[in-house]
Amino acid sequence: MDPFAILLEYERKSLAHVAGLPEQLDAPGLWRGVGYRIGQRRLASGFDEVVEILPMPQVTPVPGSQPWMLGVANIRGNLLPTVDLKQFLEGERTVLHESQRVLIVRQPGGDVAVTIDELFGQRSFVEEQALAPDELPATALTDGRYAHFVDRAYRLADHAWGIFSLDRLARTPEFRQAAA
């Protein structure tokens with residue numbers, strides 16, 4: 001059997017063991033993405049906005065840059081700007097730790113790495129969990145700069161999850177201008 005046929009057989013077997021997956025992928029009103037935390041806020045961004053999730057790379061500071069610009073990181077031979085997203089949004093520096101993660105975000109002119117405080121993994125929400133627009137301010141998900149990037153939220157268990165637009169972040173002129 002050729003290698004491609006073997007891989008096709010593995011795929012067929014694995015899909016046969018995932019109960020409900022095809023229905024969930026096509027379910028109307030289902031939203032799926034990557035869940036994470038910045039400060040006290042639980043956020044999620046669409047899978048189409050996150051290129052990759054990596055451990056915090058070694059970062060080389062860039063003189064004359066904004067305080068939220070941590071520097072550049074060499075990721076597989078590509079130099080990526082690395083941004084402290086919490087400091088950009090809240091003005092408070094992230095306390096970096098050993099299990100720190102970064103989200104790689106596609107932006108015009110090249111990818112950028114943004115720090116997150118905690119990674120929760122895949123999150124799925126249905127329309128019944130959506131918060132009404134008038135409930136959004138009560139969650140603090142849209143306080144300050146977050147208001148520009150969070151325009152809807154869902155409630156899952158006891159937590160409100162804001163849908164954070166990384167695409168909108170990457171197009172924000174202030175975010176794209178990291179020089180001090």
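Above this text you will find the structure in question.
Residues numbered from 1 in each chain as written. Predicted model: local features only at pLDDT ≥ 70, side-chain atom pairs only at ≥ 80, totals over all residues. Heavy atoms only, no water.

## A word on the environment of Val59
Within the element layout of this structure, Val59 appears in strand S4 (residues 59–60). Accessibility expressed as a relative area gives 23% for Val59, which makes it partly exposed. C-alpha of Val59 to C-alpha of Leu70: the two residues are 11 residues apart in sequence and 6.9 Å apart in space. Residues in contact with Val59, not counting those within four places in the same chain, are Leu70, Gly71, Val72, Ala73 and Thr82. (Helix = DSSP H or I, 4+ residues; strand = E, 2+ residues; numbered from the N terminus. Buried < 20%, exposed > 50% of the residue type's maximum accessible area, 1.4 Å probe, protein only. Contact = heavy atoms within 4.5 Å.)

## Some points on the nonpolar core
Tyr36, Phe164 and Leu169 are the most contacted members of the largest nonpolar core, which has 30 residues in total. In contact with Phe164, other than residues within four places in its own chain, are Tyr36, Leu43, Ala44, Ser45, Glu49, Leu89, Tyr146, Phe149, Val150 and Leu169. (Core = buried A, V, L, I, M, F, W, Y, C linked by side-chain atoms within 4.5 Å.)

## Things to note about the sheet that holds strand S1 (residues 31–38)
Reading across from one edge, S9-S1-S2-S11-S10 is the order of the five strands in this open sheet, with mixed pairing throughout. Since the sheet does not close on itself, it has two edges, and those belong to strand S9 (118–125) and strand S10 (150–156), each with one partner. Here the strands of the sheet are splayed against their neighbours by 35° on average, with no regard to which way each runs. Of the pairings in the sheet, the one linking S1 to S9 comprises seven bridges and is antiparallel in character. Looking at S9, one finds that Gly33 is bridged to Arg123. (Pairing = 2+ DSSP bridges. Axes fitted to C-alpha atoms, helices over the stretch in contact; angles between N-to-C directions.)

## Side note on a nonpolar patch on the surface
A grouping of Ile6, Leu7 and Tyr10 is seen on the molecular surface, where their side chains present a nonpolar patch of about 310 Å² in accessible area. Here Ile6 is to be found in helix H1 (residues 3–16). (Patch = residues over 30% accessible without salt bridge, like charges linked within 9 Å, V, L, I, M, F, W, Y side chains within 5 Å. Areas by Shrake-Rupley, 256 points an atom, 1.4 Å probe, with all protein chains shown as cover. Salt bridge = Lys/Arg side-chain N within 4 Å of Asp/Glu carboxyl O.)

## Quick notes on the side chain of Gln87
Relative to the helices and strands, Gln87 is located in helix H3 (residues 85–90). Overall, Gln87 belongs to the buried group, its relative accessible area being 14%. Contact partners of Gln87, with chain neighbours within four places excluded, come to Pro67, Trp68, Glu92 and Arg93.

## So, unusual backbone geometry
If you check the backbone angles, Arg76 has positive phi at about 50° while not being a glycine. Here Arg76 lies in the loop between strand S5 (69–75) and strand S6 (78–83). Judged by relative accessible area, Arg76 falls into the exposed class, the value being 60%. In this structure, Ala140 is a non-glycine residue whose phi angle is positive, near 70°. By relative accessible area, Ala140 is classed as partly exposed at 29%.

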